[in-house]
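So the chains spell out like this:
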Amino acid sequence: MGEELSTAGMAGAWCIPTFEEEYTKTFESIDMFDPTPTPQGGQQATTLLTVAWAASATPTNKQAAAQLVKALTSKQGMWDWSKTNIALPSRQSLLDRPYYNDQPILRKLASFTDGGKPFRFGLHHERLHNTIMSEVEGALAGVKSPDSALKSAERLVNNNVLESN
């Protein structure tokens, strides 16, 4: 691939351990935008894909189900899960720990939460997502400028997704 450079999107911390363990050379060369590029006249924004822990409304053992959710969402439970590098904690106090000073990729991922907006599934989700991501991929590949890609995504969403229903 040309100069052995490529651009990719990362949909969360969950892929970092795989890169680190199975693609060490690639992992060592990974860098991320810091901060995320912002279109002229725009504002920084990042789509946040989150995970939630919940118990069934009709668990066999209500007490055990409640204890599990409390354990996973407690400060210590969240830290136990986060330090596997599979997910970032939602608690700022955990992100501020010195642990992340030695984890530059995770630190940069965490910085993307500034201006973050939660990703919400809803009406026309698949069509909206596919339309927008197709245009974003064009910008990441260098086929379109970020401004052109976002304007195109806006036009396609307004004309092809929202008006067709």
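Residues numbered from 1 in each chain as written. Predicted model: local features only at pLDDT ≥ 70, side-chain atom pairs only at ≥ 80, totals over all residues. Heavy atoms only, no water.

Taken together, Trp 14, Trp 53, Trp 81 and Ile 86 make up a surface patch of nonpolar side chains, about 440 Å² in accessible area. With respect to the element layout, Ile 86 can be found in the loop between helix 4 (75-82) and helix 5 (92-95). For Ile 86, a relative accessible area of 35% puts it in the partly exposed group. (Patch = residues over 30% accessible without salt bridge, like charges linked within 9 Å, V, L, I, M, F, W, Y side chains within 5 Å. Areas by Shrake-Rupley, 256 points an atom, 1.4 Å probe, with all protein chains shown as cover. Salt bridge = Lys/Arg side-chain N within 4 Å of Asp/Glu carboxyl O. Helix = DSSP H or I, 4+ residues; strand = E, 2+ residues; numbered from the N terminus. Buried < 20%, exposed > 50% of the residue type's maximum accessible area, 1.4 Å probe, protein only.)

Compared with the 16 Å implied by 1.5 Å per residue over 12 residues, the 17 Å span of helix 3 (residues 62-73) between its first and last C-alpha is a close match. Capping the start of helix 3, Asn 61 holds a side-chain oxygen 3.2 Å from the backbone nitrogen of Gln 63, two or three residues further along. (Expected span 1.5 Å × (residues − 1). Polar contact = N/O pair within 3.5 Å; in protein donor to acceptor, adjacent residues only side chain to side chain.)

Two side chains with opposite charge may pair up if their charged atoms get near one another. Going through the model one piece at a time under the given rule, you end up with three salt bridges. Salt-bridge contacts for Lys 83 lead to Asp 80; the nearest nitrogen and oxygen are separated by 3.8 Å. Among the residues examined, Lys 83 registers a relative accessible area of 41% and is labelled partly exposed. Residue class for Asp 80 comes out partly exposed when judged on its relative accessible area of 37%.

Before going further, it helps to examine helix 8 (residues 146-162). End to end, helix 8 covers 22 Å across 17 residues, agreeing with the expected 24 Å (1.5 Å per residue, within 8%). Its maximal kink placed at Leu 156, helix 8 deviates by approximately 25°. Inspection of helix 8 places Ala 149, Ser 152, Ala 153, Leu 156, Val 157 and Val 161 among the buried residues, and these make up the whole buried set. Along its buried surface, helix 8 packs onto helix 7 (125-140). (Bend = angle between axes of the 7 residues up to and from the residue. Contact = heavy atoms within 4.5 Å.)

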